[in-house]
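Remarks on the overall topology
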Amino acid sequence: MMTATTCPTPPRHRLTPLLAGLALGLLTSTASSAAMLDVEKDELKFGFIKLTDMAPLAIAYELGYFEDEGLYVTLEPQANWKVLLDGVITGSLDGAHMLAGQPLAATIGYGTEAHIVTPFSMDLNGNGITVSNAVWELMKPHLEMDAEGKPVHPNSAAALKPVIEAFDIEGRPFNLGMVFPVSTHNYELRYWLAAGGISPGYYSPEDVSGQIAADAYLSVTPPPQMPSTLEAGTIDGYAVGEPWNQAAVFKKIGVPVITDYEIWKNNPEKVFGITAEFAETNPNTTLAITKALIRAAKWLDENDNANRAEAVEILSRSEYVGADAEVIAASMTGTFEFEAGDVREVPDFNVFYRYFATYPYYSDAVWYLTQMRRWGQVAEDMPDSWYDEVARSVYKPDIYLEAARLLVEEGHVDEADFPWDSSGYREPTAEFIDGVTYDGTKPNAYIDSLPIGLKTGDSVVGAEVVAAAN
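Rules of the game
- Residues numbered from 1 in each chain as written.
- Predicted model: local features only at pLDDT ≥ 70, side-chain atom pairs only at ≥ 80, totals over all residues.
- Heavy atoms only, no water.
- Pairing = 2+ DSSP bridges.
- Helix = DSSP H or I, 4+ residues; strand = E, 2+ residues; numbered from the N terminus.
- Axes fitted to C-alpha atoms, helices over the stretch in contact; angles between N-to-C directions.
- Contact = heavy atoms within 4.5 Å.
- Buried < 20%, exposed > 50% of the residue type's maximum accessible area, 1.4 Å probe, protein only.
- Core = buried A, V, L, I, M, F, W, Y, C linked by side-chain atoms within 4.5 Å.

Turning to the sheet that holds strand β9 (residues 237-241), a few remarks are in order. Taking strand neighbours across the sheet as the criterion, the five strands line up as β8-β7-β9-β6-β10 in an open arrangement whose pairing is mixed. Only two strands of the sheet have a single partner each, and these edge strands are β8 (217-220) and β10 (254-259). Taken pair by pair, the neighbouring strands of this sheet meet at an average axis angle of 25°, ignoring direction. Judged from the five bridges that link them, strand β6 (residues 127-132) and β9 form a sheet pairing that is antiparallel. Note on β9: the bridge partner recorded for Thr 130 is Tyr 238. Here helix α8 (residues 184-195) sits on the sheet and contacts β6, β7 (175-178), β8, β9 and β10; the angle it forms with β7, its principal contact strand, is near 145°. Strands in contact with helix α10 (residues 244-251) are β6, β9 and β10; relative to β9, the strand with the most contacts, it is inclined by about 125°.

If you want it as structure tokens, here you go:
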């Protein structure tokens, strides 16, 4: 059972030996040559979920980048995110394609407790929110239309509010699917709903449904099952990664109403996760894995996405995503189809390398932690320093930059491709659907600036949100 954390402390004692091990590992490579790292473990098994954004793993395997590093990798699809995380923790998997929130939640003890780290952020954007055809028809009268009769994007969840109210009058719950309680999809869906004046519900230590005081009821559905669950009428919409939004369009059962690029421009999505113990025990292997993934990410974006058609063919294979190539291509090659026939240019729907996409920014980690606090998964106030400490215990830009430096010296990547002097925090940004500014160095001020959600001193007791005493 998931429990809300009240006073988590990141295991900082592991950081020093990790960095020390990495320093020793780097001695095995010659700075001026492409000498292979002396990896501690060369046979590896990595897990993934059947989503487009697992692409760096598939490409690193198919193009031989893992083998270039002396790694012999098996890629294995997993049934769901919990099974995947458990596999990494128990060691049946050496690493995995993970939701950005998973290593953070595990490290602070929300759900399964384990110290998971990431040296590599896998992508930006890549998700969407889809509603059933029936819900879409009810939303349309509340949307602004252009001269051609098409919705003016981005579509606000305010257009969904009267639909939910109508459901409520009829005594029907409005149900939405998301992939996991600490998924990017959960937080993006909640952000979109709240920006439109809809409460997505809260978590408490006693009730981990996330449906306390909710206007719309969010629950977990595995990504590949989203379209069939929508078609069955069990849910009225969902938030998921590709290709499962485009699948609803091709099956003529639903309409994607917004992409996560429109909710938060160039938001971080998945990460590559390993245990801290694995990184400590296998510092050279960790660097080698990171090198291969960086090269794969570059290939996916280089020459204005020139390789995407080949990537689509690879991903469509049954051993990877296993969806029709046409469905995968609908979002991965620079376009995105909303209502049937409404195809729009979205060149940054999937970003794997540009905009420093693969660098594991502390500020990305902090944003997800603020959303955990906003919706009650972190049950009590935490000082700003806590957010920074947790971010640093999980995200490992030092490992990433060591791997990048080796690739620069080997001539595989350009020096300008990496933020060498970054503090780990992006500049404040207001590129959210509601225009609220996010500054990762001031997490509590950010939480308090959001109109719906817990504020400083607030708590969830029973079925109610208890505001801080004035």
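And the narrative resumes.
Turning next to the sheet that holds strand β4 (residues 116-121). Strands pair in a sheet through their backbones, by hydrogen bonds, and they do so in one of two ways: parallel or antiparallel. Read across the open sheet, the five strands follow the order β2-β1-β3-β11-β4; overall the sheet is mixed. Among the strands making up the open sheet, the edge pair consists of β2 (72-77) and β4. On average, each strand axis in the sheet is tilted by 30° relative to the strand beside it, whichever way the strands run. The pairing of strand β1 (residues 43-48) with strand β3 (residues 95-99) spans two bridges and is classified as parallel. By the bridge assignment for β3, Phe 46 is matched with Gly 95.

Every α-helical turn comprises 3.6 residues, leaving residues that sit three or four positions apart pointing alike. Burial within helix α5 (residues 101-108) is extensive, with eight of its eight residues counted as buried. Here α5 has its buried residues at Gly 101, Gln 102, Pro 103, Leu 104, Ala 105, Ala 106, Thr 107 and Ile 108. Its buried side turned inward, α5 meets α4 (81-90), β3, β4, β11 (270-275), α16 (362-374) and α17 (384-394). One or two residues past the end of α5 sits Gly 109, with phi positive at roughly 85°.

Its place among the elements puts Val 378 in the loop between α16 and α17. The class for Val 378 is buried, based on a relative accessible area of 0%. Placed 81 residues apart in sequence, Val 378 and Ser 459 show a C-alpha to C-alpha distance of 9.7 Å.

Before going further, it helps to spend a moment on the nonpolar core. The biggest cluster of nonpolar side chains holds 148 residues, and the ones touching the most others in it are Leu 57, Leu 160, Trp 192, Leu 193 and Ile 294. For this core, the element with the highest residue contribution is helix α13 (residues 283-305), accounting for ten residues. Apart from residues lying up to four places away in sequence, Leu 160 is in contact with Val 135, Met 139, Phe 174, Trp 192, Leu 193 and Ile 198.

Moving on, we come to the pairing of β1. Bridge analysis of β1 against β2 gives six bridges, and the strand direction is parallel. The partner of Phe 48 across the bridge, within β2, is Pro 77.

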